[in-house]
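# Per-entry structural report
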Amino acid sequence: MRKHLPLLLLITMLLPLAALALLAERLADREQDAAAMRMGRLLGAQLDSLATPIHQRMQQFERQLQSELDSLPANWSLAAQQLRDGAASEPRFFVLDPAGRLVYPTSYSTPASAEQMFLASIQRIWGHSANIEPPATERPVSGAQSETREYADPPAPALKMVDPVPLTQEREVNRRALTEPTDLAALGEESEATSSSEPGASDDLSVTNDSRISRPNPAPQSVPAPASDRMQLPESGWEANYIDHSLQLLRWRRLADGGLIGVELDRIDLLLELIALLPADDGSLPDARIRLRNAQGEILYQWGRFSPSDDQPADAQRALDAPLHSWRLEYLLNPAQAGNQLALQRLEFQLLLGMGMLLVGLLALVVHRETRRALDEASQRVNFVNQVSHELKTPLTNIRLYAELLQQDLEDDPALLNRLRIIIAETGRLSRLIGNVLTLARGRRKQLQLHPRSVDADGLIRDLLEQFRPSLERLRIETRLDLAAGDPIQADPDALSQILGNLINNLEKYAASGGLLALSSRLENNRLVIELEDAGPGIPRRQRRKVFQPFVRLRSDLTEGVSGTGIGLSIARQLAELHGGRLQLLDSEPGCRFRLELPITGPKT
Amino acid sequence: MNRIPKHPLTLLLACLLSLATGLAQAALRMQLEPAQKLLFSDQPQTTYLRISLEGVFEADEAERAPVNVALVLDRSGSMQGDKLRHAREAALLALDYLRPRDILSLVTYDDTVEVPITATRFHDRAAVERAIRRIRAGGNTALFAGTAKGASEVAKFKDDNHVNRVILLSDGLANVGPSSPGELQRLGRKLGGQGMSVTTIGLGLGYNEDLMVRLAQASDGNHVFAEQPEELASIFRNEFGELGRIVAQDLVITIRCPEGVRPLRMVGREADIDRNRIVTRINQLAAEQEKYLLLEVEVRGDTGASERELADVELTYLDMVKGERQRRSDQARVEFTPSETKAQKSVQPEVMVSVTQQLATEMDDQALALKDQGRDGEAAKVFKQKADFLEEKAEAYDSDELRAQGAFSRELEDSVSAPAAVWNKARKEAREEQFIIRNQQSYK
């Protein structure tokens, strides 16, 4: 018990600590997740605040380009004529006739590469531009033009120009179906749904979803009574294309006569404006990097002092608003910095935990020492009692011896004899008490030894009862004997009388009110069975197991005013078990019934 | 040529007038020089018209137009060491040319763009010096973004009264953001259209000369190849010096050809040709700098007429001294002769030297393209043809300029088969020479 104490103490200390550590770790993990989420939201909000001015700038561009388109004549041939007459140094405008054929630009006097590129790109979207047109049935079409009504098949004879890159899937066109009235109705909604479609899909007659954003500010010109479903067609919008992997934005406007004019938003202009708009690397982002990437993931512009590796994923990103929706802003944090913070947090936590453990350990040590001292003191006390008992034993034996001698000498005076008998009985009781103490001490020291020999159990019981007779009579306890053990058994007589003496002694103390002591003995299956019964208040079922534990005294109402050491039953059971037998408390109502079983062959050695 | 006033008094008056108003303040001189004074009247022929513009500035230095300049410096990792040290020193020396009413911004770039000095009047020289000394190298080359940021700084104060320029120094390949020569050319054209020119200084042998040249060309700035960092000091001095001598900006030259004269092309320069009307722009013209346009035209022979108008030239420009827009116009005329030899003899050597220079340098494009494709032999052959052509014309017109150009072409011919490092340098020099010839750059 004493050896296990530090271990026990350690476990009781460490278990809660470990649990605490585990809990704290999990809490820290969760906190980290929450922090990451909070950070994500924060970064997202920052990107939003960057995207807003970009969007506003795009709207400015939109207004600017729209007004440029609006300043052209609202007639495709006049518009084309005016464009041809004007000496525009940069090819930016284009005009389609109602059949969807490119009427401007057609060719250039000087084949500058920029012009060719522009022409090629217009040619590229030509098929799509045709799709913007009202349904063919609504349109006056000449025989020659009717060939070009296959919208899915864009090549036009007039446009055999340079086509540096074949039509690729990169051409990202978010489209909305336009052919069916239901879809036309859907155009009015503020639906966010966008769908990508193959550029060549013939049944997907549609318009860019970008046109949706331009609906709030339709062209100011009044459309002179067009066909009923032409009314519902968007009048202007954005067209986003990819030419040679770079974004080309076209602002177009449909004319009332079925023609279509458009103007390009120059990509370099756009980049210039955005770079001017976005902040320089002014040191305000010491541990982060914000990037503007295009659809191919190429970095268009970036700032922030932190240089991430190429494969570091963005901590937050946000697509720009249409028509720049294929571009995105990315926020990258320095993971080392974040990791450092995290490691610091962990370290802090571990330090705290360590300190806590140290404190608890110190506390445990103190408790351990205190307990040990208390135990040492107790053991010293027991030793003292032991010594005293030992010292008492010899004089007590002498007293008893001489009292018995005196009893033999005074056979004729009954009153004196009676007193003497009491003296003898009390010395017996005292001897038993001292015997118990010594037995307990020996038991503790594992020095308890039995000296078995042949014993007449019934005789022993009778002798014992004779010793108790004065006290039993005084307490008016009736004795009922049913002794049928018969043959002698192998046992330590001192131990047996100590067991029974303790049982009777207990009965006197706690069950005297019942006024009964019933003792029976018999042999059963090579075992001596002695049962002792009283008619006292009994022991509650729940506490029956406890009665055999040392120093336990039950029920204050019972034990009150009764002296006792609380070791009797414990020693009795210990001795019984040492014999290879057992001592049990049987169920009985009322009172108690103890059953002692001992093997008749004596204790095994 | 201008019609000469007949009356002597008118002549005197005109002279006095030009002395009083013209000489003191005339920002530029315009001269129209046909390559031949006499054209053969019997058949259509191709000839050239040289329109030369020369900056004139005789006012005080203090009266010069304020400049609005963004110095855009590469601070990528490759600039580390000598290059950055010399760049810093050159920039510090260049500050001598700035006056308090000038506007300076300093932009540096690697992966990202920093603006150590936003566009402000040049009052606090010490702060600028501190900022220049603080520049440290490391990282990639976001050339487009750097130039764009520089341009946005210039744009803050850009107006007609300032000389607006971005000076870009780079030693490496653009590798962050748009980085193709085509894209940078478009950027240059945009900025040129907005009235600012970009001077590109290529340092060392690591930069992309095509990109740097096209950026400068499109914006009508200057281009210099500085092989050694030590050259930066004089380049910056020249560049800032030229900035201080800019007398005219946004020169728009509109040429109209009459019936019977068909414009073919503008040699060495971009121009919008719309039937008989040619428009071209020159961003800036410095004092003591002569820039010219070479118009190639086809003239229908005319036996009936003795004289004909070749072109009507109109020039508008911002006079940086007066601070207002000016307009000039002039007519170029030729005479017809039935004698072919007379026509041949009337060739103007000075004009033809320019024409030869331009035609020869056009061959550089062809030769460089061949060399880039690995067709070394053919490239060498083109350089040889060019040298032969130049030498022949040098004799014909007795021109040292052409002799020098021819000699350089021989060097190039040899460099084609030389090791890559030698060719790399030669290619940069070739591009630089081509640029200087095309743009009549005021310094080298």
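From a predicted model like this one, the values you see are computed outputs, not experimental measurements.

What counts and how
Residues numbered from 1 in each chain as written. Chains lettered and ligands numbered in written order. Predicted model: local features only at pLDDT ≥ 70, side-chain atom pairs only at ≥ 80, totals over all residues. Heavy atoms only, no water. Patch = residues over 30% accessible without salt bridge, like charges linked within 9 Å, V, L, I, M, F, W, Y side chains within 5 Å. Areas by Shrake-Rupley, 256 points an atom, 1.4 Å probe, with all protein chains shown as cover. Salt bridge = Lys/Arg side-chain N within 4 Å of Asp/Glu carboxyl O. Helix = DSSP H or I, 4+ residues; strand = E, 2+ residues; numbered from the N terminus. Buried < 20%, exposed > 50% of the residue type's maximum accessible area, 1.4 Å probe, protein only. Contact = heavy atoms within 4.5 Å. Polar contact = N/O pair within 3.5 Å; in protein donor to acceptor, adjacent residues only side chain to side chain. Buried area = accessible area lost by both parts, 1.4 Å probe. Nonpolar A, V, L, I, M, F, W, Y, C, P; charged D, E, K, R; others polar. Core = buried A, V, L, I, M, F, W, Y, C linked by side-chain atoms within 4.5 Å. Pairing = 2+ DSSP bridges. Expected span 1.5 Å × (residues − 1). Arc of directions from axis to C-beta. Phe/Tyr/Trp six-rings, centres within 6.5 Å; stacked < 30°, edge-to-face > 60°. Lys NZ or Arg CZ within 6 Å of the ring centre and 35° of its normal. Axes fitted to C-alpha atoms, helices over the stretch in contact; angles between N-to-C directions. Parallel < 35°, antiparallel > 145°, perpendicular 65-115°, else oblique. Left-handed = near helix turned anticlockwise from the far one by under 90°.

### A look at a nonpolar patch on the surface
All names here are of chain A. Together, Phe 384, Val 385, Val 388 and Leu 392 make up a nonpolar patch on the protein surface, roughly 340 Å² of accessible area in all. Position of Val 388 among the secondary structure elements: in helix α6 (residues 335-409). Residue classification places Val 388 among the partly exposed residues on the basis of a relative accessible area of 33%.

### Examining the environment of Arg136(B)
Residue and element names in this part refer to chain B. As for its position among the elements, Arg 136 is in the loop between α3 (125-133) and α4 (143-156). By relative accessible area, which is 53% here, Arg 136 ends up exposed. Taking the C-alpha atoms as reference points, Arg 136 and Gly 81, separated by 55 residues in sequence, lie 9.5 Å from one another. Contacts of Arg 136, omitting those with residues within four sequence positions, involve Arg 75, Leu 84 and Arg 88. At a separation of 3.0 Å, a polar atom in the side chain of Arg 136 contacts the main-chain carbonyl oxygen of Arg 133.

### Regarding the interface of chain A and chain B
Across the boundary between the two partners, chain A contributes 28 residues, which contact 25 residues of chain B. Approximately 2,200 Å² of surface area, both sides summed, lies buried where chain A meets chain B, with 55% of it carried by carbon and sulfur atoms. Considering only the surface of chain A that becomes buried against chain B, Ile268(A), Leu272(A) and Ile275(A) emerge as the three largest contributors, covering 25% of it. For the salt bridge of Glu114(B) with Arg305(A), the shortest nitrogen-to-oxygen distance reads 3.2 Å. Linking chain A to chain B there are nine residue pairs in polar contact (both at pLDDT 80 or more). Secondary structure elements with two or more residues in the side of chain A that touches chain B: α2 (76-85), α5 (267-277) and β10 (299-303) of chain A. Among the elements that take part in the side of chain A that touches chain B, α5(A) stands out by supplying seven residues, more than any other. Grouping the constituent residues of the side of chain A that touches chain B by class yields 14 nonpolar, five polar and nine charged.

### Here's the deal with the nonpolar core
Among the nonpolar cores identified, the biggest contains 75 residues, and Leu249(A), Leu270(A), Leu324(A), Trp327(A), Leu329(A) and Leu143(B) are the most heavily contacted of them. Considering every element that reaches this core, the biggest residue donor is helix α1 (residues 4-70) of chain A, with nine residues. For Leu329(A), the contacting residues outside a window of four places in its chain are Leu47(A), Leu50(A), Ala51(A), Ile54(A), Ile290(A), Arg291(A), Leu292(A), Ala316(A), Gln317(A), Arg318(A) and Leu320(A).

### Regarding the pairing of strand β9 (residues 288-293) of chain A
All names here are of chain A. Most of β9 is tucked away, with six of its six residues classed as buried. Both β9 and strand β12 (residues 328-333) contribute to a ladder of six bridges, which runs antiparallel. Looking at the pairing, Leu 292 lines up with Leu 329 of β12. Relative to β10, β9 runs antiparallel, the two being bridged by four bridges. Paired with Arg 291 across the strands is Gln 302, a residue of β10.

### Brief notes about helix α10 (residues 376-397) of chain B
Residues and elements named next belong to chain B. End to end, α10 covers 31 Å across 22 residues, agreeing with the expected 32 Å (1.5 Å per residue, within 8%). If you check which residues of α10 are buried, you get Ala 379, Ala 380, Val 382, Phe 383, Lys 386, Ala 387, Leu 390, Ala 394 and Tyr 397. Summarising the axial view, the buried residues of α10 lie within an arc of 155°, below the 170-degree limit, and thus occupy one face. Of the exposed residues in α10, the ones pointing more than 90 degrees away from its buried face are Gly 377, Lys 381, Glu 392, Glu 395 and Ala 396. Where α10 terminates, the next one or two residues include Asp 398, which has phi positive at roughly 50°.

### A short note on the packing of aromatic side chains
Applying the stated criterion across every chain yields a total of five aromatic pairs over all chains. Judged by centre distance (6.0 Å) and plane angle (55°), the rings of Tyr207(B) and Phe225(B) are tilted. Of this pair, Tyr207(B) sits in the loop between β8 (197-203) and α6 (209-219) while Phe225(B) sits in strand β9 (residues 223-226); the two residues are 18 residues apart in sequence, bridging distant segments of the chain. Accessibility assignment for this pair places Tyr207(B) and Phe225(B) in one class, buried. In this structure, Arg57(A) is placed above the aromatic ring of Phe61(A), and the distance from its NZ or CZ to the ring centre is 4.2 Å.

### What about the sheet that holds strand β2 (residues 38-40) of chain B?
Residues and elements named next belong to chain B. With mixed pairing, six strands are arranged side by side in an open sheet as β2-β16-β15-β10-β13-β12. Here the strands that pair on one side only, and so sit at the sheet edges, are β2 and β12 (272-274). Going across the sheet, the axis of each strand differs from the next one's by a mean of 25°, ignoring polarity. As judged from the three bridges shared by β2 and strand β16 (residues 324-337), these two strands associate in the parallel manner. Its bridge partner being in β16, Phe 40 is matched across the sheet by Thr 337.

### So, the side chain of Glu433(B)
Residues and elements named next belong to chain B. Within the fold, Glu 433 resides in helix α12 (residues 420-439). Note on Glu 433: relative accessible area 15%, which makes it buried. If sequence neighbours within four positions are ignored, Glu 433 has contacts with Asp 364, Lys 386, Gln 405 and Phe 408.

### Section: the environment of Ile117(B)
All names here are of chain B. Within the element layout of this structure, Ile 117 appears in strand β6 (residues 113-121). Separated by 15 residues in sequence, Ile 117 and Ile 132 have C-alpha atoms that sit 9.2 Å apart. Those residues within four positions of Ile 117 in sequence are excluded, and the remaining contacts are Leu 104, Ser 105, Leu 106, Ala 127, Val 128 and Ala 131.

### Digging into the sheet that holds strand β1 (residues 28-34) of chain B
Residues and elements named next belong to chain B. Reading across from one edge, β1-β3-β14-β11 is the order of the four strands in this open sheet, with antiparallel pairing throughout. Both outer strands of the open sheet, β1 and β11 (261-267), are each paired with one neighbouring strand and no more. Looking at each pair of strands side by side, their axes are set apart by 25° on average, direction ignored. The sheet contact formed by strand β3 (residues 45-55) and strand β14 (residues 290-299) spans 10 bridges and is antiparallel. The partner of Thr 47 across the bridge, within β14, is Val 297. The strands that helix α9 (residues 349-372) touches are β1, β3, β11 and β14; relative to β14, the one it contacts most, it runs at about 85°.

### Looking at the environment of Ala396(B)
Topologically, Ala396(B) is positioned in helix α10. Residue Ala396(B) is classed as exposed on the basis of its relative accessible area of 57%.

### Quick notes on the pattern of salt bridges
Oppositely charged side chains can form a pair if their charged atoms are brought close together. Residues and elements named next belong to chain A. According to the stated counting rule, one finds 77 salt bridges over all chains in the structure shown. We note a salt bridge from Asp 70 to Arg 253, for which the minimum N-O separation is 3.6 Å. In this pair, Asp 70 is assigned in helix α1 and Arg 253 in strand β7 (residues 246-254), connecting sequence segments 183 residues apart. Looking at Asp 70, the relative accessible area reads 18%, which means it is buried.

### Quick look at the packing of helix α8 (residues 457-474) of chain A against helix α9 (residues 493-510) of chain A
Residues and elements named next belong to chain A. Contact geometry for α8 and α9: axes closest at 10 Å, N-to-C directions at 30°. When the axis of α8 is compared with that of α9, the two are roughly parallel. For the pair α8 and α9, the crossing hand works out as right-handed. Where α8 approaches α9, its residues Leu 460, Ile 461, Leu 464, Leu 465, Phe 468, Ser 471 and Leu 472 are matched on the opposing element by Pro 493, Leu 496, Ser 497, Leu 500, Gly 501, Ile 504, Asn 505 and Glu 508. Partitioned by chemical class, the residues of the contact of α8 with α9 number 10 nonpolar, four polar and one charged.

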